[in-house]
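# Secondary and tertiary structure notes
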Amino acid sequence: MDYFDSHCHLQLSQFDEDREAALVRMQEHKTGGVVVGTDYAMSVAAVELAKQHDFLWAAVGLHPNDNADELFDSPAYEKLARDPKVVAIGECGLDYFRGGGTFEEKTTQRMRFEMQIELAAKVGKPLIIHCRDSQQRIANITSAHEEMLNILGQRKLDIPVIIHFFTGTGELAQKYVELGCYLSFPGPITYTDMYDQSILDTPMDRILSETDSPFAAPVPYRGKRNEPSYVDHVVAKIALIKEMDLPDVAAQIVQNSQKVFGVAG
Ligand SMILES: [Zn+2]
């Protein structure tokens with residue numbers, strides 16, 4: 001394995017036309033990956049897909065504001081989570097960008113998230129966290145990241161915690177690193193220098209790479225559908241920012257991924 005996509009959604013309908021071709025390209029690029037669930041049906045689909053390929057694994061969980069009506073059914077998710085192909089719980093967390101505008105919404109998100117923390121601790125598998133803030137900073141209101149840092153700081157979990165799609169400041173990166181988290185960097189780092197500092201501030205042994213495909217394609221595919229085989233562009237940009245050789249950075253990220261998710265290859 002040369003590359004690892006810690007977060008993709010290959011089970012979504014955007015891949016219905018050419019999923020097999022995308023998987024072949026992934027294999028050609030010697031890329032392993034985690035197919036991430038966003039609700040129960042998508043988690044089941046992630047596990048099914050992972051079972052068919054030895055370079056794929058799955059994460060099962062309920063996104064903070066996808067499928068808002070779904071109640072987190074712990075026993076059902078636990079049954080899925082115990083599958084050997086499942087290497088993480090998520091994506092779960094807090095999203096005040098698309099929701100969480102009211103106290104009630106915030107409480108629901110927090111409750112869903114807490115249940116998934118419990119499940120991850122119970123089955124002893126890593127947590128994949130989605131955390132996104134509303135666009136404007138509202139005075140005296142705790143931001144999603146502040147809330148997340150508080151929750152993780154209080155919990156002191158002994159399972160790996162991955163902050164997926166990390167696009168925060170260097171200061172925020174350092175706070176997560178201090179808590180022991182891994183930061184997974186996505187496609188947008190290839191077309192802006194806004195995240196260079198957070199990459200510089202994250203030690204190499206805490207960095208993961210992801211596509212979040214079909215969303216957020218890196219340059220040179222910006223604006224097109226994303227897919228796991230494009231993760232090499234994300235890794236190349238990390239190497240450039242870190243002023244390190246690409247093969248060394250790629251190997252370190254694969255090693256980090258294998259350690260975090262407990263996968264071989
Ligand atoms: Zn995602």
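Structure: see above.
The present account deals with the structure reproduced in this document. Nothing here was measured: the structure is a model prediction, and the numbers come from that model.

### Some points on the coordination of the zinc ion
His-7 (NE2), His-9 (NE2), Glu-91 (OE) and Asp-212 (OD) make up the full set of protein donors to the zinc ion, lying at 2.1 to 2.5 Å. Note that the zinc ion binds four donor atoms; their angles at the metal cover 84 to 176°, and the shape is irregular. The sequence pattern describing where the donors of the zinc ion fall on their chain is H-x1-H-x81-E-x120-D. Taken together, the residues span a long stretch of sequence, with Glu-91 in strand 4 (residues 86-95) and Asp-212 in the loop between strand 8 (207-209) and helix 8 (231-242) at a distance of 121 residues. On the basis of relative accessible area, Asp-212 is assigned to the buried category, the value being 10%.

### Observations regarding the nonpolar core
Core analysis: the largest hydrophobic core is formed by 64 residues, its most contacted members being Leu-10, Leu-56, Ile-129, Ile-163, Tyr-176 and Ile-238. A total of six residues in this core trace back to one element, the largest contributor, which is helix 8. Ignoring any residue separated from it by four or fewer positions in sequence, one finds Ile-238 in contact with Phe-185, Ile-189, Ile-199, Ile-207, Val-249 and Ile-253. Of all hydrophobic cores here, the second largest spans 15 residues; its members include Ala-59, Val-87, Ala-88 and Phe-261.

### So, the sheet that holds strand 1 (residues 3-8)
The parallel open sheet is built from eight strands, whose spatial order is 1-2-3-4-5-6-7-8. The strands lining the two open edges of the sheet, one partner per strand, are strand 1 and strand 8. The average undirected angle you get between the axes of adjacent strands in this sheet is 30°. Across three bridges, strand 7 (residues 182-185) lies against strand 8 in parallel orientation. Across the sheet, Leu-183 pairs through a bridge with Ile-207, a residue of strand 8.

### Remarks on the pattern of salt bridges
Tallied over the entire structure, the rule returns 14 salt bridges. The salt bridge involving Glu-227 is made with Arg-225; its shortest N-O contact spans 3.0 Å. Under the relative-accessibility criterion, Arg-225 is labelled partly exposed at 24%. Several salt bridges converge on common partners, so that one network encompasses Arg-110, Glu-114, Glu-118, Glu-147 and Arg-155.

### Quick word on the packing of helix 5 (residues 144-155) against helix 6 (residues 170-178)
At a closest axis distance of 10 Å, the pairing of helix 5 and helix 6 adopts a crossing angle of 15°. Here helix 6 runs roughly parallel to helix 5, going by the angle between their axes. With respect to the hand of their crossing, helix 5 and helix 6 are arranged in left-handed fashion. Contact with helix 5, carried on its side by His-145, Met-148, Leu-149 and Leu-152, involves Leu-172, Lys-175 and Tyr-176 of helix 6 and no other residues of that element. Taken together, the residues of the contact of helix 5 with helix 6 sort by class into five nonpolar, one polar and one charged.

The rules we used
Each chain carries its own residue numbering, running from 1 in the written order of its sequence. Side-chain atom pairs in this predicted model are given and counted only at pLDDT of 80 or more, local residue features only at pLDDT of at least 70, and totals for whole chains, interfaces and linings cover all residues. Just so you know, side-chain values use all the structure's heavy atoms and leave hydrogens and water out. Shown as donors are all N, O and S atoms within 2.8 Å of a metal ion, widened to 3.2 Å for Na, K and Ca; because water is not in the atom set, sites may appear incomplete. Geometry is assigned from donor-metal-donor angles: four donors are tetrahedral when every angle falls between 85 and 135 degrees, four are square planar and six octahedral when opposite donors sit over 155 degrees apart with all other angles between 65 and 115, and any other arrangement is irregular. Under the scheme used here, helices are H or I runs from DSSP no shorter than 4 residues and strands are E runs no shorter than 2 residues, and both carry numbers assigned from the N terminus. Only protein chains enter the accessibility calculation, which uses a 1.4 Å probe; a residue is then buried when its area is under 20% of its type maximum, exposed when over 50%, and partly exposed in between. In this description, a nonpolar core means a group of buried Ala, Val, Leu, Ile, Met, Phe, Trp, Tyr and Cys residues linked to one another through side-chain atoms lying within 4.5 Å. Whether two residues are in contact is decided by their heavy atoms, any of which lying within 4.5 Å being enough. At least two bridges found by DSSP between two strands is the condition for calling them paired. Lines fitted to C-alpha atoms define the axes, with helix axes restricted to the stretch in contact, and inter-axis angles between N-to-C directions lie between 0 and 180 degrees. Just to be clear on terms, a salt bridge is a Lys or Arg side-chain nitrogen sitting within 4 Å of an Asp or Glu carboxyl oxygen. Roughly parallel means an angle under 35 degrees; roughly antiparallel means over 145; roughly perpendicular covers 65 to 115; every other angle is labelled oblique. Each crossing gets its handedness from the near helix: less than a right angle anticlockwise from the far helix is left-handed, clockwise is right-handed. Three classes are used, and their members are as follows: Ala, Val, Leu, Ile, Met, Phe, Trp, Tyr, Cys and Pro are nonpolar, Asp, Glu, Lys and Arg are charged, and the others, Gly among them, are polar.

Shape descriptors only; they carry no functional weight alone.
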